[in-house]
Amino acid sequence: MANNIVNYSDRINELLDKMPDFVTDYIFNFRDSDNPSTMLQYSRDIYDFLSFLVYNHADFDGLAIKEITLEDLSKLKALDINRYLTRIRSTRDRRYKKVRTDIKEKNEVPQKHNDSTVKRLRATLSSMFSYFITSGKLAANPAAATRQKKLAEKKLIYLTNEQQAMLLDEVRSGANLAGKAAAHHERFVVRDLAMILLLLDTGLRVSEMLSTDIGDYNFDDCSVLVIRKGGDQDIVYYSDECAACLQEYFSAQLAKYDMDSDHIPAFTTLKGERLGVRAVEILVKKYAVAGLGSTLGQTITPHKLRSSFAMSFYAASDKDILLLKEKLHHSSINTTNIYAKAAPGKKADTRNLLQGLR
């Protein structure tokens, strides 16, 4: 699992090598410098912004990204940040070259970034400018003067306990699968059941689950050592039912691959390669559509299984929001609170709470 941390580091350094040294100073000194996934995302965001300036701002024309200085950034105004945010709202093209003509010739419509992405990009720039103001290297933060877009609350999509049971029944039986999916069901059923039950049982992110090796699982206490989003290690516990499914699958894997269990990925393709996130997204959708119908099934992703775990655990734990926060490994209780807000019947359940006290 250590390879995942190294991979983050390599990808961050690859981006930083393309940018001015002041970006490196910021990335390794800002408040989330212990979170490699956030550092990588901020590095990408800043690289995209500097690319935009080089290709679209007159004062940066002829400059290479590596040549941009803090003095150059000090000349930017709120209008420049707004132009950047307006551009990314209208297209996902991150090359920032003159692509409009090519797009029209191909009769293609450029895809748009969603509002949450635009809000994050604005926050990245504001954080960077604030850092250099605090360190005395810049006098103003042009991003802070831009208008912040308020995001509409999204409806939380999750599966009820009954719907989760229906999904698992479909994984076990493959009764509603068709074509190649039905023909190959028996080859994958043990693996797929172990994976989907583990996601529903623990609330793991799919990337966290897929980074594990067989040797990370301890069946004495039904736990698994995972690398969480952000790079830190965590012990996650699963049920006896899940343990039985995992043991059945891992036994077959150990018999198939004659090597130390510490080096066998927990979940693999038929060729023994570590399964990817996209593959799990496809198989979850396949089973969800077959078992729950197209309308609901099309909305179900591995992350919706995480939400399903959260809602089920919140209700079963007598609404213990702090324990749920720990289970989901959230850094802030505000993130966990979305499940408390979405819990059905919360207001109605408390209607008689004060009765008899007056």
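Parameters and conventions
- Counting from 1, residues in each chain are numbered in the order their sequence is written.
- Restriction of local features to residues with pLDDT of at least 70 applies here, the model being predicted, together with a cutoff of 80 or more for giving and counting side-chain atom pairs; totals for whole chains, interfaces and linings are based on all residues.
- To get the side-chain values, take all heavy atoms of the structure and skip hydrogens and water.
- Numbered from the N terminus, helices here are DSSP runs of H or I no shorter than four residues, and strands are runs of E no shorter than two.
- For every residue, the accessible area (1.4 Å probe, protein chains only) is compared with the maximum for its type, and the residue is labelled buried under 20%, exposed over 50%, or partly exposed between those bounds.
- In this description, contact between two residues means that some pair of their heavy atoms is separated by no more than 4.5 Å.
- Residue-level confidence of the predictor is summarised by pLDDT, bounded by 0 at the bottom and 100 at the top.
- The aromatic pairing rule takes the rings of Phe, Tyr and Trp, using the six-membered ring of Trp, and pairs them if the centres are within 6.5 Å, calling planes under 30 degrees apart stacked, those over 60 edge-to-face and the rest tilted.
- Criterion for a charge above a ring: Arg CZ or Lys NZ at most 6 Å from the ring centre, at most 35 degrees from the ring normal.
- Whether two strands pair comes down to DSSP finding at least two bridges between them.
- Any Lys or Arg side-chain nitrogen located within 4 Å of an Asp or Glu carboxyl oxygen qualifies as a salt bridge.
- Geometry is summarised by axes, namely lines fitted to C-alpha atoms with helices restricted to the contacting stretch, and by angles between N-to-C directions that run from 0 to 180 degrees.
- These descriptions rest on fixed angle ranges, namely under 35 degrees for roughly parallel, over 145 for roughly antiparallel, 65 to 115 for roughly perpendicular, and the rest for oblique.
- Crossing handedness is defined as follows: a turn of the near helix away from the far one that is anticlockwise and smaller than a right angle gives a left-handed crossing, while the clockwise case is right-handed.
- Each residue is assigned to one class: nonpolar for Ala, Val, Leu, Ile, Met, Phe, Trp, Tyr, Cys and Pro, charged for Asp, Glu, Lys and Arg, and polar for all the others, Gly among them.
- Take the number of residues in a helix, subtract one, and multiply by 1.5 Å to get its expected span.

1. Here's the deal with the overall build of the chain
Right, so step 1: When you go through the chain residue by residue, the secondary structure sums to 18 helices and three strands.
Right, so step 2: Within the chain, buried positions represent 43% of all 358 residues.
Right, so step 3: In the chain, the share of contacts with a sequence separation of at least 24, taken over all contacts with a separation of at least 6, comes to 58%.

2. Side note on the confidence of the model for the chain
Right, so step 1: Of the residues in the chain, 84% reach a pLDDT of 70 or more, and the chain-wide mean stands at 85.
Right, so step 2: Every residue in residues 95-111 scores below 50 in pLDDT, and together they form 24 contacts with partners more than four places removed in sequence or on other chains.

3. A look at the packing of aromatic side chains
Right, so step 1: Counted according to the given criterion, the structure contains 14 aromatic pairs.
Right, so step 2: For the pair phenylalanine 219 and tyrosine 238, a centre-to-centre distance of 6.1 Å together with 65° between the ring planes defines the contact as edge-to-face. Residue phenylalanine 219 is located in the loop between strand 1 (217-218) and strand 2 (223-227), and its partner tyrosine 238 is located in the loop between strand 3 (233-237) and helix 12 (240-256); the two are separated by 19 residues in the primary sequence.
Right, so step 3: Judged by its relative accessible area of 6%, tyrosine 238 is buried.
Right, so step 4: By way of ring pairs, the aromatic residues Tyr217, Phe219, Tyr238, Tyr249, Phe250 and Phe267 are connected into one cluster.
Right, so step 5: Stacked on the ring of tyrosine 47, the Lys or Arg lysine 18 has its end atom at 5.6 Å from the ring centre.
Right, so step 6: Here the basic side chain of lysine 286 rests over the ring of tyrosine 287, its NZ or CZ set 4.6 Å away from the ring centre.

4. Observations regarding the sheet that holds strand 1
What holds strands together in a sheet is hydrogen bonding between their backbones, with the strands either parallel or antiparallel.
Right, so step 1: Reading across the sheet, the three strands line up as 1-2-3 and stay open at both edges, with antiparallel pairing between neighbours. At either end of the open sheet lies a strand with only one pairing partner, and these are strand 1 and strand 3.
Right, so step 2: As defined by bridge partners, strand 1 adjoins strand 2 across two bridges and the pair is classed as antiparallel. Paired with asparagine 218 across the strands is serine 223, a residue of strand 2.

5. Details of the pattern of salt bridges
Right, so step 1: For the structure shown, the criterion picks out ten salt bridges.
Right, so step 2: Among the salt bridges present, the one from arginine 228 reaches glutamate 208, with a minimum N-O distance of 3.0 Å. Here arginine 228 is found in the loop between strand 2 and strand 3, whereas its partner glutamate 208 is found in helix 11 (residues 206-210), with 20 residues between them in sequence. Each member of the pair, arginine 228 together with glutamate 208, is buried.
Right, so step 3: Taken together, the salt bridges that share partners define one network made up of Arg205, Glu208, Arg228 and Asp234.

6. Considering the pairing of strand 2
Right, so step 1: The buried fraction of strand 2 is high, at four of five residues.
Right, so step 2: The antiparallel hairpin formed by strand 1 and strand 2 contains four residues in its connecting segment, where cysteine 222 sits at a positive phi of about 55°.
Right, so step 3: One ladder, built from five bridges, connects strand 2 with strand 3; its direction is antiparallel. Residue pairing for strand 3: isoleucine 227 is matched across the bridge by glutamine 233.
Right, so step 4: The hairpin formed by strand 2 and strand 3 contains five residues between the paired strands, and glycine 230 there has a positive phi angle of roughly 110°.

7. A word on the packing of helix 15 (residues 302-316) against helix 16 (residues 321-328)
Right, so step 1: Look at helix 15 against helix 16: their axes get within 10 Å of each other, and the N-to-C directions meet at 150°. By the angle between their axes, helix 15 is roughly antiparallel relative to helix 16. Helix-helix and strand crossings are classified by hand; for helix 15 and helix 16 the assignment is right-handed. On helix 16, the residues that touch Arg306, Phe309, Ala310, Phe313 and Tyr314 of helix 15 are Ile321, Leu323, Leu324, Lys327 and Leu328.
Right, so step 2: For the contact of helix 15 with helix 16, the per-class residue count stands at eight nonpolar, no polar and two charged.

8. Side note on helix 12
Right, so step 1: Between its first and last C-alpha, helix 12 extends 24 Å over 17 residues, near the 24 Å set by a 1.5 Å rise per residue.
Right, so step 2: The inward-facing, buried residues of helix 12 abut helix 10 (185-202) and strand 1.

9. Section: unusual backbone geometry
Right, so step 1: At lysine 319, a position not held by glycine, the phi torsion is positive, near 60°.
Right, so step 2: With respect to the secondary-structure elements, lysine 319 resides in the loop between helix 15 and helix 16.
Right, so step 3: In this structure lysine 319 comes out as partly exposed when scored by relative accessible area, which is 35%.
Right, so step 4: Backbone geometry at histidine 329 places phi at a positive 60°, although glycine is not the residue there.
Right, so step 5: Along the polypeptide, histidine 329 turns up in the loop between helix 16 and helix 17 (333-342).

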